[in-house]
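Topology and contacts: notes
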Amino acid sequence: MDRKGLLVLFGLLLPLSAIAAKKDEHQNVVFDPARFEQQRTTIEREMAGEGYREIDKQQRSEVLAALDRMSRLLGSSTSIDALSAAEKVELFNAQEQVNTILTRAAADSRLTCKRETPTGSHRPTTSCMTVAERRRRQEQAQDNLRSTLRGAKLNGE
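Residues numbered from 1 in each chain as written. Predicted model: local features only at pLDDT ≥ 70, side-chain atom pairs only at ≥ 80, totals over all residues. Heavy atoms only, no water.

1. Topic: the overall build of the protein chain
Within the protein chain, the regular secondary structure consists of five helices and four strands. Element order for the protein chain, N to C, with α for helix and β for strand: α-β-β-α-α-α-β-β-α. When burial is assessed residue by residue, the protein chain has 30% of its 157 residues classed as buried. Long-range contacts, defined as pairs at least 24 residues apart, comprise 53% of the intrachain contacts of the protein chain with a sequence gap of at least 6. Summed over its atoms, the accessible surface of the protein chain is roughly 10,300 Å², and 52% of this surface lies on carbon and sulfur atoms. (Helix = DSSP H or I, 4+ residues; strand = E, 2+ residues; numbered from the N terminus. Buried < 20%, exposed > 50% of the residue type's maximum accessible area, 1.4 Å probe, protein only. Contact = heavy atoms within 4.5 Å. Areas by Shrake-Rupley, 256 points an atom, 1.4 Å probe, with all protein chains shown as cover.)

2. Remarks on the packing of helix α3 (residues 57-74) against helix α4 (residues 85-109)
Running from N to C, α3 and α4 point in directions that differ by 150°, and their axes come no closer than 9 Å. Classified by the angle their axes make, α3 and α4 are roughly antiparallel. Classified by chirality, the crossing of α4 by α3 is left-handed. Here Q59, E62, V63, A66, L67, R69, M70, R72, L73 and L74 of α3 lie close against α4, whose contacting residues are E87, E90, L91, A94, Q95, Q97, V98, I101, L102 and R104. Residue composition of the contact of α3 with α4, grouped by class: 11 nonpolar, three polar and six charged. (Axes fitted to C-alpha atoms, helices over the stretch in contact; angles between N-to-C directions. Parallel < 35°, antiparallel > 145°, perpendicular 65-115°, else oblique. Left-handed = near helix turned anticlockwise from the far one by under 90°. Nonpolar A, V, L, I, M, F, W, Y, C, P; charged D, E, K, R; others polar.)

3. Remarks on the nonpolar core
What tends to happen in soluble globular proteins is that the nonpolar side chains get buried as a cluster. In this structure, I55, V63, V98 and L102 are the most contacted members of the largest nonpolar core, which totals 20 residues. Of all elements in the fold, only α2 (36-48), α3 and α4 reach the threshold of two or more residues within this core. With seven residues, the top contributor of residues to this core is α4. Those residues within four positions of V63 in sequence are excluded, and the remaining contacts are I43, M47, I55, V98, I101 and L102. (Core = buried A, V, L, I, M, F, W, Y, C linked by side-chain atoms within 4.5 Å.)

4. Structural notes on α3
Quick reminder: α-helices carry 3.6 residues per turn. Residues three or four places apart thus point the same way. In a regular helix each residue adds 1.5 Å, so 18 residues correspond to 26 Å; α3 covers 26 Å between its end C-alpha atoms and thus fits that length. For α3, the complete set of buried residues consists of Q59, V63, A66, L67, M70, S71, L73 and L74. For α3, the angular spread of the buried residues around the axis is 165°, confining them to a single face. Away from its buried face by more than 90 degrees, α3 exposes K57, Q58 and R72. The N-cap residue of α3 is D56: its side-chain oxygen and the backbone nitrogen of Q58 are 3.2 Å apart. (Expected span 1.5 Å × (residues − 1). Arc of directions from axis to C-beta. Polar contact = N/O pair within 3.5 Å; in protein donor to acceptor, adjacent residues only side chain to side chain.)

5. Examining the environment of M70
For M70, the position within the fold is in helix α3. Taking relative accessible area as the criterion, M70 reaches 0% and is therefore assigned buried. Considering only alpha carbons, one finds M70 and F36, 34 residues apart in sequence, at a separation of 8.8 Å.

6. Looking at the pattern of salt bridges
A complete count under the given rule lists six salt bridges for this structure. Across the pair E54 and R136 runs a salt bridge, and its minimum N-O distance is 3.0 Å. Pair noted here: E54 is in the loop between α2 and α3 and R136 is in helix α5 (residues 131-154), with a separation of 82 residues, a long-range link. Close ionic contact of R135 with D108 constitutes a salt bridge, the shortest N to O distance being 3.0 Å. Of this pair, R135 sits in helix α5 while D108 sits in helix α4; the two residues are 27 residues apart in sequence, bridging distant segments of the chain. Residues joined in a network through salt bridges with shared partners are R40, E44 and D68. (Salt bridge = Lys/Arg side-chain N within 4 Å of Asp/Glu carboxyl O.)

7. Regarding α4
Along its 25 residues, α4 runs 36 Å from first to last C-alpha, staying within 8% of the 36 Å computed at 1.5 Å per residue. Listing the buried residues of α4 in full gives K88, L91, A94, Q95, V98, N99, I101, L102, A105, A106, D108 and S109.

Next comes the structure, spelled out in structure tokens:
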């Protein structure tokens with residue numbers, strides 16, 4: 001790939017998942033080596049707060065490790081052009097890992113509310129939970145149903 005192609009690749013494909021435009025909403029930000037430490041601080045603050053409430057410990061450590069690799073690669077450089085081709089690839093891969101994990105965590109952390117009328121009641125209630133909580137609850141209900149059906153088959157019913 002020629003130099004111009006590399007510049008286009010890294011200029012267009014290095015967004016940094018860092019700043020939320022609205023509460024509980026994820027947004028990619030254009031990568032700027034000169035502002036990397038500020039963006040990194042923002043990501044760490046968001047992971048510690050409510051912005052990525054559905055990120056688990058393993059994912060959090062993977063993001064922090066990728067940010068450390070990026071920091072090491074950038075060093076005191078203010079331009080991606082100062083990096084070797086291998087370093088650019090490693091930087092890009094670390095960036096993609098951060099984007100993938102944070103994008104998924106942001107989507108799972110989105111709070112949704114539903115108006116439901118509980119069985120045996122005429123009064124609707126509002127229940128709010130994250131997308132991941134709803135998915136876990138649905139999976140648990142399906143598992144319970146399967147267990148019940150499996151138990152009924154074993155008992156010859």
